[in-house]
Amino acid sequence: MNDVYSAVGGIRAIMFSSYFGLAVALAASSWRSIIVENDVERWTSTVLAIFPSLAGFSIAAFALLFALLDEHTKRILSKPSDRFNGKSPLIMVVGILTHALIIQIITILYALVYQERPLPDFWGVGETTNRALAFLGVWLLFYGILLMIAVVLTIFKMVELLNKPRSHPPM
């Protein structure tokens, strides 16, 4: 797991990424469904409806990436690049795809567990905790979706590197 997260710049880079922050803002903007309505079904149903497809897309992106790249291109993309802070474009794409897939699977599992409402309401503490846990679930929902933008943009950057004129090395 450390290799995956070092490939994308580490946990600190993830926590300070615009995707992470935007997911927090989007989850906060959904406060009404969490705090007022406490609607468990809304976000868990959304996760269970769309995340298996997103995870499938992530796995398909992995397969497509490696199916389309010949050995020469893989060698080129395996070289460190200044554009990716000294990391290879290939490891960056694989790291981001892996991170997105991990988040998507965790989100699916989290929604399944949350639907069972594991914390009973004793003296109001369980209900408050369940709402905090619902916020985390809604954040995971938005973060998992936003990570697909990161995947697509990283693949674009990688292809852009490959399309540079041969007079200038792609790295």
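We now turn to the structure provided with this report. The structure displayed is predicted, hence computed values, not measured ones.

### Comments concerning helix α3 (residues 18-29)
Stage number 1. Along its 12 residues, α3 runs 16 Å from first to last C-alpha, staying within 8% of the 16 Å computed at 1.5 Å per residue.
Stage number 2. For α3, the complete set of buried residues consists of F20, A23 and A27. Mapping the buried residues of α3 onto a view down its axis gives an arc of 60°, with all of them on the same face. Residues S18 and S29 are exposed on α3 and point more than 90 degrees away from its buried face.

### Some words on the nonpolar core
Stage number 1. W43, V47, L65, L97, W139 and Y143 are the most contacted members of the largest nonpolar core, which has 46 residues in total.
Stage number 2. Those elements that provide at least two residues to this core are α1 (2-7), α3, α5 (40-68), α7 (89-115) and α8 (125-162).
Stage number 3. The greatest single-element share of this core, amounting to 14 residues, is contributed by α7.
Stage number 4. Not counting residues within four places of it along the chain, the set of residues in contact with W139 comprises F20, A23, V24 and A27.

### Observations concerning the packing of aromatic side chains
Stage number 1. Under the criterion given, the structure shown has five aromatic pairs.
Stage number 2. Between the aromatic rings of W43 and Y114, the centroid separation amounts to 5.1 Å while the plane-to-plane angle is 50°, which identifies the pairing as tilted. One end of the pair, W43, is in helix α5; the other, Y114, is in helix α7, with 71 residues separating them in the sequence. No difference in accessibility class separates W43 from Y114, as the two residues are buried.
Stage number 3. Grouped by ring-pair contacts, the aromatic residues F20, W139 and Y143 constitute a single cluster.

Conventions used here
Residues numbered from 1 in each chain as written. Predicted model: local features only at pLDDT ≥ 70, side-chain atom pairs only at ≥ 80, totals over all residues. Heavy atoms only, no water. Helix = DSSP H or I, 4+ residues; strand = E, 2+ residues; numbered from the N terminus. Expected span 1.5 Å × (residues − 1). Buried < 20%, exposed > 50% of the residue type's maximum accessible area, 1.4 Å probe, protein only. Arc of directions from axis to C-beta. Core = buried A, V, L, I, M, F, W, Y, C linked by side-chain atoms within 4.5 Å. Contact = heavy atoms within 4.5 Å. Phe/Tyr/Trp six-rings, centres within 6.5 Å; stacked < 30°, edge-to-face > 60°.

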